[in-house]
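What follows is the residue order along each chain.
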Amino acid sequence: VIERFRNGEDPYVNVASEFYKRPITKEADPAERQVGKVLELQCGFGSGAAKIRETLRIRAAILLSDDDALRARDAYRNTHPRVVDFWREAEQNLKRMNALCSFEWGPMSVVCDIEKETRRIVLPNGAPLIYDTLEWHTDPESGEQFWRVKNRHGYAKLYGAKLVENVVQALARVVVTQAMNRIKAAGIRIATMTHDDIVCVLPDDSVMYDRFNF
């Protein structure tokens, strides 16, 4: 996927081609490419067939059967094996965190304190993601077993792909805030930001346009 971005290729047609079992192009197959776009943008954090089906219905007015939604899910996972492997790695890391093991995970440090029973994922900027309440839970009514953590609304399920979503979004925030610090240091006023967008205010004749290649 990264190589396709570097080469200026369409990032959405590969998974669409896997789903439709034929070559999909932006020009000839706009509806089919839209399916690929939804899959590429949504499925990185483990979306299941039902959620994929609902998203395509609401956002793209594309209706899939239950079987086709399952095939769409598998089309993403078949074309993104390393993403799936990362979910599995995160699932194993939940077990390690539950056992209060400390270890390095990419650019992050997982720091657990056995005496205090704290579990933290420390980001490169030193900010922690806190999982002190992580536990393996058995639902008393359904018998379903899953990881969960406590939040202000009660308890929330946690699983490998969800943990990946947590750390990816947290790391993205680190990147964006570092960029904001560099922009501020350059004397540029930041008006607002959302996720990975930073909106700046410059005078029309500012030399900053040339400096920053606007």
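Report on the accompanying structure. In this text, all values refer to a predicted model and were calculated from it rather than measured experimentally.

1. As for the pairing of strand 7 (residues 154–158)
Looking down a regular strand, the side chains alternate between one sheet face and the other.
Stage number 1. Judged from the five bridges that link them, strand 6 (residues 145–151) and strand 7 form a sheet pairing that is antiparallel. Pairing of V149 across the sheet is with A156, part of strand 7.
Stage number 2. Here strand 6 folds back onto strand 7, and the loop between the two strands holds two residues.

2. Brief notes about the sheet that holds strand 5 (residues 135–138)
Stage number 1. On the basis of which strands lie adjacent, the open sheet formed by three strands has the order 5-6-7 and antiparallel pairing. Looking at strand neighbours, the two that pair on one side only are strand 5 and strand 7, the edges of this open sheet. Direction aside, neighbouring strands of the sheet carry axes that sit 55° apart on average.
Stage number 2. Two elements, strand 5 and strand 6, share four bridges in a ladder whose sense is antiparallel. Bridge assignment links E135 to a residue of strand 6, and that residue is R148.

The rules behind each value
- Residues numbered from 1 in each chain as written.
- Predicted model: local features only at pLDDT ≥ 70, side-chain atom pairs only at ≥ 80, totals over all residues.
- Heavy atoms only, no water.
- Pairing = 2+ DSSP bridges.
- Helix = DSSP H or I, 4+ residues; strand = E, 2+ residues; numbered from the N terminus.
- Axes fitted to C-alpha atoms, helices over the stretch in contact; angles between N-to-C directions.

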